[in-house]
Amino acid sequence: FDQDKSSRQLYEHDFLGEFSCTLGTIVSSKKITRTLVLGNGKPAGKGTITIAAQEISDNREITLSMAGRKLDKKDFFGKSDPYLEFHKEGPDGKWMLVHRTEVIKNTLDPVWKPFTVPLVSLCDGDIDKPVKIVCYDYDNDGGHDFIGEFQTTVAKMCEVEDSIALEFQCINPKKQKKKETTRILESLF
C-alpha cells in the first residue's frame, strides 16, 4: 500500500500489489526479491518487494532519549512538526528504516519520548556500524519536509556520561553554507 494519510484503515490507501510465500522460503533464501502482483495475478507494473531474513540471537537493547534544539521552521503558519527516523545500512549499501519516533507538534525544540530498540535491529549488533538519523517535518498530505540528518554509531551514543547529553549537528546539505545547522541532543537511560 502507498500510505497517503495517517489512517490505519487500508481502504484509505492505494494498493500497490502483493506477494505471497512461506516463512520457510524467506528464511532459507536470507533475501528474496519478487515482482508485485495485483489481486487478479497480473503484474502490478514494475514494482518489486524485497524481504530479508536475519537470525536474531543478540538480545541487547539501547534506550535513547532524543531532543532537538533550534530546528528549521518548515510550516508557513506555525513552527515545525518534527520526527526522527533511524536507518541502518544494509549489505547492498542501501539505508533501511528501523525506527521512527512520534511526531511532536508545533515546536522547534522537540523532546521525544524515550524509546528502546534492539541492537540487532539498529546496527546488526555491531556498535561501530554507522546509524543514520534523519529529521523530518510531518505534513498531513504525506509530503514530509526534510530538516536534516547526521550519522553516528551506537558506540558514540554510549559515550554519554553523568547525564550530560551528546550533541550532533543535524545538517541539511542544501542549507549548510547559508546558516548555522540545527542540533539533535541524545542521552541514554
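As a reminder, the structure under discussion sits directly above these lines.
Residues numbered from 1 in each chain as written. Predicted model: local features only at pLDDT ≥ 70, side-chain atom pairs only at ≥ 80, totals over all residues. Heavy atoms only, no water.

**Thoughts on the environment of Val 134**
Alright, step 1. In this structure, Val 134 sits in strand β7 (residues 131–137).
Alright, step 2. Overall, the relative accessible area of 3% leaves Val 134 in the buried class.
Alright, step 3. Val 134 sits 15 residues away from Glu 149 along the chain, and the two C-alpha atoms are 4.3 Å apart.
Alright, step 4. With near-sequence residues (within four places) excluded, Val 134 lies in contact with Tyr 83, Leu 84, Glu 85, His 87, Phe 146, Gly 148 and Glu 149. (Helix = DSSP H or I, 4+ residues; strand = E, 2+ residues; numbered from the N terminus. Buried < 20%, exposed > 50% of the residue type's maximum accessible area, 1.4 Å probe, protein only. Contact = heavy atoms within 4.5 Å.)

**Remarks on the environment of Asn 40**
Alright, step 1. On the secondary structure map, Asn 40 appears in the loop between β1 (31–37) and β2 (43–52).
Alright, step 2. A polar contact of 2.9 Å, which involves the side chain of Asn 40, links it to the backbone nitrogen of Lys 42. (Polar contact = N/O pair within 3.5 Å; in protein donor to acceptor, adjacent residues only side chain to side chain.)

**Considering the nonpolar core**
Alright, step 1. Counting 26 residues, the largest nonpolar core has Met 66, Phe 86 and Leu 122 as the members making the most contacts within it.
Alright, step 2. Leave out the neighbours within four places in its chain, and Phe 86 touches Leu 64, Met 66, Met 96, Leu 97, Val 98, His 99, Thr 101, Phe 115, Leu 122, Val 131, Lys 132 and Ile 133. (Core = buried A, V, L, I, M, F, W, Y, C linked by side-chain atoms within 4.5 Å.)

**A short note on a nonpolar patch on the surface**
Alright, step 1. On the surface, a nonpolar cluster with roughly 370 Å² of combined accessible area is contributed by Phe 1, Leu 10, Phe 15 and Leu 38.
Alright, step 2. Along the chain, the position of Leu 10 falls in the segment before α1 (23–29). (Patch = residues over 30% accessible without salt bridge, like charges linked within 9 Å, V, L, I, M, F, W, Y side chains within 5 Å. Areas by Shrake-Rupley, 256 points an atom, 1.4 Å probe, with all protein chains shown as cover. Salt bridge = Lys/Arg side-chain N within 4 Å of Asp/Glu carboxyl O.)

**A few points about the pairing of strand β6 (residues 115–118)**
Alright, step 1. Side chains of β6 alternate between two faces, with Phe 115 and Val 117 buried and Thr 116 and Pro 118 left unburied.
Alright, step 2. Here 4 bridges tie strand β3 (residues 61–69) to β6, and the two strands are oriented antiparallel to one another. Bridge pairing in β6 places Glu 61 opposite Pro 118. (Pairing = 2+ DSSP bridges.)

**Quick notes on the pattern of salt bridges**
Alright, step 1. Applying the stated criterion across every chain yields a total of 6 salt bridges.
Alright, step 2. Salt-bridge contacts for Arg 100 lead to Glu 85; the nearest nitrogen and oxygen are separated by 2.9 Å. Here Glu 85 lies in strand β4 (residues 82–89) and Arg 100 lies in strand β5 (residues 95–100), a separation of 15 residues in the sequence.
Alright, step 3. We classify Glu 85 as buried; its relative accessible area is 8%.
Alright, step 4. With a closest N to O distance of 3.2 Å, Glu 159 and Lys 156 form a salt bridge.
Alright, step 5. According to the relative accessible area criterion, Glu 159 is partly exposed, its value standing at 42%.
Alright, step 6. Classification of Lys 156 as partly exposed rests on a relative accessible area of 37%.
Alright, step 7. One continuous salt-bridge network, built from bridges that share partners, spans Lys 88, Asp 124 and Lys 129.

**Side note on the side chain of Asp 137**
Alright, step 1. Structurally, Asp 137 can be placed in strand β7.
Alright, step 2. There is a polar contact of 2.5 Å between the side chain of Asp 137 and the backbone nitrogen of Asp 81.

**Quick word on the state of the cysteines**
Alright, step 1. Counted under the stated rule, the structure contains 0 disulfides.
Alright, step 2. Free of any disulfide, Cys 123 has its nearest neighbouring cysteine sulfur in Cys 158, separated by 9.0 Å.
Alright, step 3. In this structure Cys 123 comes out as buried when scored by relative accessible area, which is 0%.
Alright, step 4. No disulfide involves Cys 135; its nearest neighbouring cysteine sulfur is the one of Cys 170, lying 4.9 Å away. (Disulfide = S-S within 2.5 Å.)

**As for the packing of aromatic side chains**
Alright, step 1. For the structure on display, the rule yields 4 aromatic pairs.
Alright, step 2. Judged by centre distance (5.3 Å) and plane angle (65 degrees), the ring pair of Phe 86 and Phe 115 falls under edge-to-face. Residue Phe 86 is found in strand β4, and its partner Phe 115 is found in strand β6; the two are separated by 29 residues along the sequence.
Alright, step 3. A connected cluster of aromatic rings, assembled from ring pairs, spans Tyr 83, Tyr 136 and Phe 146. (Phe/Tyr/Trp six-rings, centres within 6.5 Å; stacked < 30°, edge-to-face > 60°.)

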